[in-house]
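# An overview of the molecular structure
Listed here are the chains, written in short residue letters.
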Amino acid sequence: MATSTPPVSDRHRLNLGPIATPDRLLLGPGPSNAHPTVLQALSRTPIGHLDPLYVALMSEVQELLRYVWQTDNRLTLPMSGTGSAAMEATLANMVEPGDTVLVAVKGYFGLRLQDMAGRYRADVRTIEKPWGEAFSLEEIEAGLKEHRPKILAMVHAETSTGVRQPMEGIGDLCRQYDCLLLLDTVTSLGAVPLFLDDWKVDLAYSCSQKGLSCPPGLGPFTMGPRAEEKLAARSGKVPNWYLDVSLLNQYWGSDRVYHHTAPVNMNFGMREALRLIAEEGLDNVWERHRRNAERLWSGLEALGLQCHVPAELRLPTLTTVRIPEGVDGKAFTLHLLNKHGIEVGGGLGALAGKVWRIGLMGYNSREENVDLLLNLLEQELPAFRSAAPAVAAAAA
Ligand SMILES: *Cc1c(COP(=O)(O)O)cnc(C)c1O
């Protein structure tokens, strides 16, 4: 019997032109725009992931991550994956079934930590604050005292609310109560003052696409000596092969043993992004973010718009501004996107429909971007204020 191959089906065949996405200005909760020289670095010809030149680049990336985090942690590397992969790596490596993990929840990303810790079979406890507030040292201590956790997990820069959690003293409390401190620095790394070692943070993670001016795809991860000790004392294997830090460290450490094929171009971009920060100087980068955020806040105030978070707890990277009464918030952000190519975020969870989220992160933290957005708010927002005042007046 003659064998014949079936005809190729064209059922899923698309006839497309080359990609032609517009240049947007991303002033939302992330991703943020990448720096032009980062985009150039990304488009270089890949080299082998064990090429001596690449191996040297890996060490440069690790050393510069230590700089932006202000840590001496040996185990510092970018996870292949977005911030959530690095987030998951902290829990996958640290949690043994039954370990008590206390999550300080004050927004959406605290809830994600809670969900993830449960998936690794932690005994998850929480302390909570309303969306828009931060924890006091007393509240943290009360939580540690009541729950006696092995790990306290919290978010430094809560992107869902725009709150910066003050960190002074929390690390000392964790040592006092013999627990590890795990910190989400996704929306603070490279933009908001962070002193990992000084704050006695044992585990932290971040992403490439917010403060670092790189596209999404890498999740910086770091682990200090106390966390390494807990990892070494595990009775069972880390229940996630891809994110197992001991295996990854055989590649990122001195052995350079193959684990997975590193996304080499993403790491080209990461090197360039970190190089730019080192060139500008970390303190200058932080100061630039603060200055531009303050310019935004005073501009919003001048337009009669209200920030959701008290000034002393505001993040320079992410501002939540209340949608004025009678304005369809979604319609206005769609207008900004479609008419002006500018992305601004909406609210998440408890703040859905109540706030806009304005991001000024990394390369986008520039005066011209602040002024552009403020001008648009001044000129074009009034048209979106519906007849609400008249309606309200009629109702009264
Ligand atoms: C964006 C974000 C994450 C998740 O990072 P992805 O890169 O989206 O996976 C985690 N935590 C916080 C606080 C974030 O803002």
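Residues numbered from 1 in each chain as written. Predicted model: local features only at pLDDT ≥ 70, side-chain atom pairs only at ≥ 80, totals over all residues. Heavy atoms only, no water.

Let us now look at the sheet that holds strand β8 (residues 180–184). The strands that make up a sheet are held in pairs by hydrogen bonds between backbone atoms, and each pair lies either parallel or antiparallel. Strand order in the open sheet formed by 7 strands is β2-β10-β9-β8-β5-β3-β4, and the pairing between neighbours is mixed. Strand pairing shows two members of the sheet lacking a second neighbour, β2 (75–80) and β4 (123–128), which therefore form its edges. For this sheet, the mean angle separating the axes of adjacent strands, direction not counted, is 20°. With 6 bridges joining them, strand β3 (residues 100–105) and β4 adopt parallel strand pairing. Following the sheet pairing, L102 is matched in β4 by R125. Its contacts with the sheet place helix α7 (residues 225–232) against β2, β5 (151–155), β8, β9 (203–205) and β10 (218–223), and it is angled at close to 90° to β10. (Pairing = 2+ DSSP bridges. Helix = DSSP H or I, 4+ residues; strand = E, 2+ residues; numbered from the N terminus. Axes fitted to C-alpha atoms, helices over the stretch in contact; angles between N-to-C directions. Contact = heavy atoms within 4.5 Å.)

This part covers the environment of P239. The topology assignment puts P239 in the loop between α7 and α8 (245–252). With relative accessibility at 53%, the residue P239 sits in the exposed group. Remark: the alpha-carbon pair of P239 and A311, spanning 72 residues in sequence, is separated by 42 Å. (Buried < 20%, exposed > 50% of the residue type's maximum accessible area, 1.4 Å probe, protein only.)

Taken together, the 3 strands give an open sheet; going across it, the order is β11-β14-β13, and neighbouring strands pair in antiparallel fashion. The open sheet has two free edges, formed respectively by β11 (318–322) and β13 (345–346), since each of these has just one partner strand. Across 5 bridges, β11 lies against strand β14 (residues 355–359) in antiparallel orientation. By the bridge assignment, R322 is partnered in β14 with V355.

A few words now on the side chain of S32. Mapping S32 onto the fold places it in the loop between β1 (25–26) and α1 (36–42). Side-chain polar atoms of S32 contact the backbone oxygen of M361, separated by 3.0 Å. (Polar contact = N/O pair within 3.5 Å; in protein donor to acceptor, adjacent residues only side chain to side chain.)

Taken together, 14 residues sit near the ligand, with T82, S84, T159, D184 and K210 positioned nearest. Within the side chain of T159, a nitrogen or oxygen atom sits 2.3 Å from an oxygen atom of the ligand. D184 is positioned with one of its side-chain polar atoms (N or O) 2.7 Å from a nitrogen atom of the ligand. For the ligand, whose free accessible area comes to 380 Å², the fraction covered by protein is 90%. Residue assignment for the shell around the ligand shows that the elements contributing at least two residues are α3 (83–94) and α4 (108–119). Its residues assigned to classes, the shell around the ligand comprises 5 nonpolar, 6 polar and 3 charged. (Near = heavy atom within 4 Å. Areas by Shrake-Rupley, 256 points an atom, 1.4 Å probe, with all protein chains shown as cover. Nonpolar A, V, L, I, M, F, W, Y, C, P; charged D, E, K, R; others polar.)

Centre-to-centre distance and the angle between the planes together describe a pair of aromatic rings. Summed over all chains, the structure comprises 7 aromatic pairs. Ring centres 5.3 Å apart and planes at 75° place the aromatic pair F195 and W286 in the edge-to-face group. Of this pair, F195 sits in the loop between β8 and β9 while W286 is found in helix α10 (residues 282–302), placing the two residues 91 residues apart along the sequence. Over the aromatic face of W297 sits the side chain of R314, whose NZ or CZ is 5.1 Å from the ring centroid. A cation over an aromatic ring shows up here: R366 above the ring of Y363, its NZ or CZ 4.0 Å from the ring centre. (Phe/Tyr/Trp six-rings, centres within 6.5 Å; stacked < 30°, edge-to-face > 60°. Lys NZ or Arg CZ within 6 Å of the ring centre and 35° of its normal.)

Moving on, we get to the domain arrangement of the protein chain. Structurally, the protein chain comprises domain 1 (25–29 + 281–385) and domain 2 (36–278). One C-alpha centre belongs to domain 1, the other to domain 2; they are set 27 Å apart. Tallying the contact residues gives 25 residues for domain 1 and 29 residues for domain 2. Summed over both partners, the interface of domain 1 with domain 2 comes to about 2200 Å²; 67% of that surface belongs to carbon and sulfur atoms. (Domains from an automatic or database assignment. Buried area = accessible area lost by both parts, 1.4 Å probe.)

On to empty space enclosed by the protein, then. Here the structure, examined in full by the defined rule, presents 2 cavities of 30 Å³ or more. Residue lining of the largest cavity: F332, T333, L336, V344, W356, I358, L373 and L377, and that is the complete set. Sorting the residues of the lining of the largest cavity by element identifies α11 (329–340), β14 and α12 (367–380) as the ones contributing at least two each. The greatest single-element share of the lining of the largest cavity, amounting to 3 residues, is contributed by α11. Class assignment of the residues belonging to the lining of the largest cavity gives a composition of 7 nonpolar, 1 polar and no charged. Volume-wise, the second largest cavity comes out at about 30 Å³. Mapped onto the lining of the second largest cavity, the elements with two or more residues apiece are β2 and α8. Split into classes, the residues belonging to the lining of the second largest cavity amount to 5 nonpolar, 3 polar and no charged. (1 Å grid on protein atoms, 1.4 Å probe; cavity = no way out; pocket = protein on both sides within 12 Å on 5 of 7 lines; lining within 4 Å. Points joined across faces, edges and corners; volume = space filled by probe spheres on them.)

Let's shift gears to the packing of α10 against α12. With their axes 9 Å apart at the nearest point, α10 and α12 run at an angle of 15° to one another. One way to sum up the angle between α10 and α12 is to call them roughly parallel. Like other packed secondary-structure pairs, α10 and α12 cross with a definite hand, here right-handed. Contacts between α10 and α12 involve N292, R295, L296, G299 and L300 on the former and, on the latter, E367, V370, D371, L374 and L377. (Parallel < 35°, antiparallel > 145°, perpendicular 65-115°, else oblique. Left-handed = near helix turned anticlockwise from the far one by under 90°.)

Take the layout of surface pockets next. Estimated volume of the largest pocket: approximately 370 Å³. Counting residues per element, the ones that place at least two in the lining of the largest pocket are β1 and α1. Partitioned by chemical class, the residues of the lining of the largest pocket number 11 nonpolar, 4 polar and 3 charged. Here the lining of the largest pocket spans two domains, since at least three of its residues come from each of domain 1 (25–29 + 281–385) and domain 2 (36–278). Counted as a void, the second largest pocket has a volume near 240 Å³. Broken down by element, the residue count for the lining of the second largest pocket peaks at 4 residues, all from α10. For the lining of the second largest pocket, a count of residues per class yields 10 nonpolar, 1 polar and 6 charged. Here the lining of the second largest pocket spans two domains, and each of domain 1 (25–29 + 281–385) and domain 2 (36–278) adds at least three residues to it.

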